Amino acid sequence: MKFSFVEDKDRAEIVVYAPSRTPLVDKIEQIANTKVSTVNAYDGNEVKIIDVGEVECFSVMNSRVIAVTRGGGKYRIKERIYELEETLPSDDFIKINKSAIANIGAIRGFSSTYSGGVNVTFVCGYVEYVSRRQLQNLKRRLNVK
Amino acid sequence: MKRFILEFLKRGIFVSVGGPIIVGIVYFFLGLSGEIWYLEVNDVVLAIISSALLAFIAGGISAVHTIDRLPVFIAILIHGVVLYVDYIVIYLLNGWIEDSVLPIVIFTAIFIAAYAVIWLCVFLSQRKTAKKLNESLEVRKD
């Protein structure tokens, strides 16, 4: 089988051209669909490998993607929010606004605001807002009608 | 911001046609009832242009609800303030409400009362949503 690599900073995609579906094609698909279980977290010059289950929320702060962990720690992440959205386990994580992804298992509760919005409070005390568009997805996900 | 402006223009232009049509209908019924039987050209021109502008702003500002970042009530508040200024200025300009304190106070009170009711409905609805989400979260944890 011929192999080629095209460097593209805006796209990460695997396209397989083959006469039929073979075990090798299945294997490539499996690798492409693998969800990440850890992320590289940066704290100054120090790099830590964090289990995604330890992250309560990924959020954009000052134009940087930050992972808020169970202990309340905040680490910089190099991946963009849309990349995390594609690679994080979709059963555990959900987008709550255009710049934040929440770990459903780390949500302490929801509260309404006087401005007519809904906020999420995480176990570590971190608070993030739920956008109107994502509120519908969240309701569907939590089977709320 | 660019997206909001484009959406504002699109909605505003679409709705602006309705302003002069509504003015025409209102004048038609006022004529039938005998309230008005004579209009000056300048009054008609002013009514047509200003009602188109009123409808343009009223239609355009509804684009504020497409800004996902804004909580519901903030979007409603911005919508309400712009509508209030839009209506009061155009109404006074055309003499559709009397330029004295009492009519303006009554108009303002009706506007505020309507928005207070809307705020209460939105707040109660979101409180109910938050409660349901919390209940669902508890079930999921169990």
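Data block above holds the structure.
About the thresholds
- Residues numbered from 1 in each chain as written.
- Chains lettered and ligands numbered in written order.
- Predicted model: local features only at pLDDT ≥ 70, side-chain atom pairs only at ≥ 80, totals over all residues.
- Heavy atoms only, no water.
- Helix = DSSP H or I, 4+ residues; strand = E, 2+ residues; numbered from the N terminus.
- Buried < 20%, exposed > 50% of the residue type's maximum accessible area, 1.4 Å probe, protein only.
- Contact = heavy atoms within 4.5 Å.
- Areas by Shrake-Rupley, 256 points an atom, 1.4 Å probe, with all protein chains shown as cover.
- Pairing = 2+ DSSP bridges.
- Axes fitted to C-alpha atoms, helices over the stretch in contact; angles between N-to-C directions.
- Parallel < 35°, antiparallel > 145°, perpendicular 65-115°, else oblique.
- Left-handed = near helix turned anticlockwise from the far one by under 90°.
- Nonpolar A, V, L, I, M, F, W, Y, C, P; charged D, E, K, R; others polar.
- Core = buried A, V, L, I, M, F, W, Y, C linked by side-chain atoms within 4.5 Å.

Asker: Whenever I open this one, the overall build of chain A confuses me. Can you help?
Answerer: The secondary structure content of chain A amounts to three helices and ten strands. When the helices and strands of chain A are listed from N to C terminus, the series reads α-β-β-β-β-β-α-β-β-β-β-β-α. Burial analysis of chain A (145 residues in total) assigns 37% to the buried set. Within chain A, residue pairs in contact and separated by at least 24 positions form 40% of the contacts whose partners lie at least 6 positions apart. Carbon and sulfur atoms provide 48% of the accessible area of chain A, an area that totals close to 9400 Å².

Asker: What is the right way to look at the sheet that holds strand 3 (residues 55-61) of chain A in this model?
Answerer: Backbone-to-backbone hydrogen bonds pair the strands of a sheet. The strands run either parallel or antiparallel. Residues and elements named next belong to chain A. Read across the open sheet, the seven strands follow the order 2-1-5-4-3-7-6; overall the sheet is antiparallel. What marks the edges here is a single partner per strand, and that holds for strand 2 (46-51) and strand 6 (93-97). Put simply, the sheet's adjacent strands are angled 35° from each other on average, direction ignored. Strand direction decides the pairing type here: strand 1 (residues 38-43) and strand 2, joined by six bridges, are antiparallel. Residue pairing in the sheet places Tyr42 in a bridge with Val47 of strand 2.

Asker: Explanation requested: the packing of helix 4 (residues 72-94) of chain B against helix 5 (residues 101-141) of chain B in the structure shown.
Answerer: Helix packing geometry: the angle between the two helix axes and the distance between the axes. Residues and elements named next belong to chain B. Their axes nearest at 11 Å, the elements helix 4 and helix 5 cross at an angle of 165°. With respect to helix 5, the axis of helix 4 lies roughly antiparallel. Viewed along their axes, helix 4 and helix 5 form a crossing whose handedness is right-handed. Mapping the contact onto sequence places Val72, Phe73, Ile76, His79, Gly80, Leu83, Tyr84, Tyr87, Ile88, Tyr91 and Leu92 in helix 4 and Ile104, Phe107, Thr108, Phe111, Tyr115, Ile118, Trp119, Val122 and Gln126 in helix 5. In terms of residue class, the contact of helix 4 with helix 5 is made up of 16 nonpolar, four polar and no charged.

Asker: Which parts of the structure should I look at to understand the nonpolar core?
Answerer: In a soluble, globular protein the nonpolar side chains are often hidden away together inside. Of all hydrophobic cores here, the largest spans 22 residues; its most connected members are Phe110, Phe122 and Leu142 of chain A together with Leu133 of chain B. Every element with two or more residues in this core is listed here: strand 6, strand 7 (100-103), strand 8 (107-112), strand 9 (118-122) and helix 3 (132-141) of chain A together with helix 5 of chain B. Every residue in contact with Leu133 of chain B, bar those within four places of it in the chain, is listed here: Phe110, Val118, Leu135, Leu138, Lys139, Leu142 and Val144 of chain A. Phe8, Ala58, Ile61 and Tyr115 of chain B belong to the second-largest nonpolar core, a separate cluster that totals 18 residues.

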